[in-house]
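Structure at a glance
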Amino acid sequence: MARRIVAALCVALLEQSQAWQPPAWWAAATAPLTKPLGIERNDGVRLRLGKESDADAIRALWAANDATRVAGPHSLAPAWSAAGIKRAFAPRREAGNFRATSVVAYDWSALPPALVGFAAANSPDEPYNREAVGLPWRNAAPAGFDPTAFVGPVCVAETKRGSGLFRDLYAGLFADLAPERAAVTVIDARNAPSLRAHEKVPGCERRGAFDAGGRSWVVFSFDLDAARRDLAQPPT
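First, a word on what this report is: a plain description of the structure on this page.

The rules behind each value
Residues numbered from 1 in each chain as written. Predicted model: local features only at pLDDT ≥ 70, side-chain atom pairs only at ≥ 80, totals over all residues. Heavy atoms only, no water. Salt bridge = Lys/Arg side-chain N within 4 Å of Asp/Glu carboxyl O. Helix = DSSP H or I, 4+ residues; strand = E, 2+ residues; numbered from the N terminus. Buried < 20%, exposed > 50% of the residue type's maximum accessible area, 1.4 Å probe, protein only. Phe/Tyr/Trp six-rings, centres within 6.5 Å; stacked < 30°, edge-to-face > 60°. Lys NZ or Arg CZ within 6 Å of the ring centre and 35° of its normal. Core = buried A, V, L, I, M, F, W, Y, C linked by side-chain atoms within 4.5 Å. Contact = heavy atoms within 4.5 Å. Pairing = 2+ DSSP bridges.

Concerning the pattern of salt bridges
In total, this model carries 16 salt bridges according to the counting rule given. Taking the shortest distance from any N to any O, the salt bridge between Lys-160 and Asp-43 comes out at 3.3 Å. Of this pair, Lys-160 sits in the loop between strand 6 (149-156) and helix 6 (165-177) while Asp-43 sits in the loop between strand 1 (39-40) and strand 2 (45-49); the two residues are 117 residues apart in sequence, bridging distant segments of the chain. Judged by relative accessible area, Asp-43 falls into the partly exposed class, the value being 24%. Ionic pairing is found between Asp-125 and Arg-99, a salt bridge with its closest N-O pair at 3.0 Å. With Asp-125 in the loop between strand 5 (114-122) and helix 5 (136-140) and Arg-99 in strand 4 (residues 97-107), the pair connects residues that are 26 residues apart, well separated along the chain. Each member of the salt-bridge network shares a partner with another, and the members are Arg-41, Asp-43, Asp-107, Lys-160 and Asp-168.

Here is the structure:
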């Protein structure tokens, strides 16, 4: 009798374990560290490629970032919709051509792990990059400059600013962008911290400025080969 009871309990526990579903954050946060990323920092933060399931956390972090920065979700236009952000941040290639990618950073020093940073890049001809700020940068950029990646947004949680996470996000993003060689980004001219941070990125160069949507924007180009080479080295 005792053996039958134990056996029945084992079967019940097995069935229960098979029916158990992890919480939503678990699937998003525990994806394997994807090479060539595989970045695990000494402060408990892990970086990996973004996934569609990161969309809600990305939107929440960017909204929180908006409270301490002059640029905000409105600058992403249609890409900021629930469906749009999944398309903008999930790594994607079509017919072998780059369309989108992103890197996310989760802090595992406490559970559940919290998203503390992300960086994204898309093809310049994606529909949302042709909205509002998407077109004028071409008029501000030098003749012949034809990037194959539009970088941004990049966001670091207030608790991690100054920790080197901004650099690590770009290191991971640019590594995943290979073999793309040239990229562009535009930054709100009032966002002085972001302007200073980008001026320190290897291979990043200020190229011009333009006005759109009632604001002034600064255009930066990226030499991705130079950026990948220098960002692979420890910071000095």
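The structure having been displayed, the exposition proceeds.
A few points about the packing of aromatic side chains
Counting across every chain of the model gives 6 aromatic pairs. Ring plane angle 65° and centroid distance 5.0 Å describe the contact between Phe-166 and Tyr-170, whose orientation is recorded as edge-to-face. Residue Phe-166 and its partner Tyr-170 are located together in helix 6, separated by 4 residues, close to a single helical turn. Residue classification places Phe-166 among the partly exposed positions, given a relative accessible area of 22%. By relative accessible area, Tyr-170 is classed as buried at 2%. Ring centres of Tyr-170 and Phe-222 lie 5.7 Å apart, and the angle between their planes is 70°; this geometry places the pair in the edge-to-face category. Here Tyr-170, found in helix 6, pairs with Phe-222, found in strand 9 (residues 215-223); they are 52 residues apart in sequence, far enough to count as distant. The rings of Phe-166, Tyr-170, Phe-174 and Phe-222 are connected pair by pair, giving a single aromatic cluster. Above the ring of Trp-108, the side-chain terminus of Arg-46 is found at 4.6 Å from the ring centroid. Positioned above the aromatic ring of Phe-145 is the side chain of Arg-207, whose terminal nitrogen or guanidinium carbon lies 5.3 Å from the ring centre.

Things to note about the nonpolar core
Phe-118, Leu-169, Tyr-170, Leu-173, Phe-174 and Phe-222 are the most contacted members of the largest nonpolar core, which has 46 residues in total. Considering every element that reaches this core, the biggest residue donor is helix 6, with 7 residues. The contacts of Phe-222, once residues within four sequence positions are left out, are Val-151, Tyr-170, Phe-174, Arg-181, Ala-182, Ala-183, Val-184, Thr-185, His-198, Val-201, Gly-203 and Cys-204. In this structure, Ala-140, Ala-141, Phe-145 and Val-184 belong to the second largest nonpolar core, which totals 11 residues.

Concerning the pairing of strand 2
The element strand 2 is largely enclosed, with a buried count of 4 among its 5 residues. Sheet topology places strand 1 next to strand 2; 2 bridges connect them, and they run antiparallel. Bridge pairing in strand 2 links Ile-39 to Leu-47. Taking the residues between adjacent antiparallel strands as the criterion, strand 1 and strand 2 are bridged by 4 residues, where Gly-44 takes a positive phi near 90°. Both strand 2 and strand 4 contribute to a ladder of 5 bridges, which runs antiparallel. Paired with Leu-47 across the two strands is Ala-105, which belongs to strand 4.

A look at the pairing of strand 4
In terms of burial, strand 4 is largely enclosed, as 10 of its 11 residues are buried. Judged from the 3 bridges that link them, strand 3 (residues 92-94) and strand 4 form a sheet pairing that is antiparallel. The partner of Arg-93 across the bridge, within strand 4, is Phe-98. The hairpin formed by strand 3 and strand 4 contains 2 residues between the paired strands, and Ala-95 there has a positive phi angle of roughly 55°. With 8 bridges connecting them, strand 4 and strand 5 associate as antiparallel partners. For Thr-101, the partnering residue across the bridge sits in strand 5 and is Ala-121. Linking strand 4 to strand 5, which pair antiparallel, is a turn of 6 residues.

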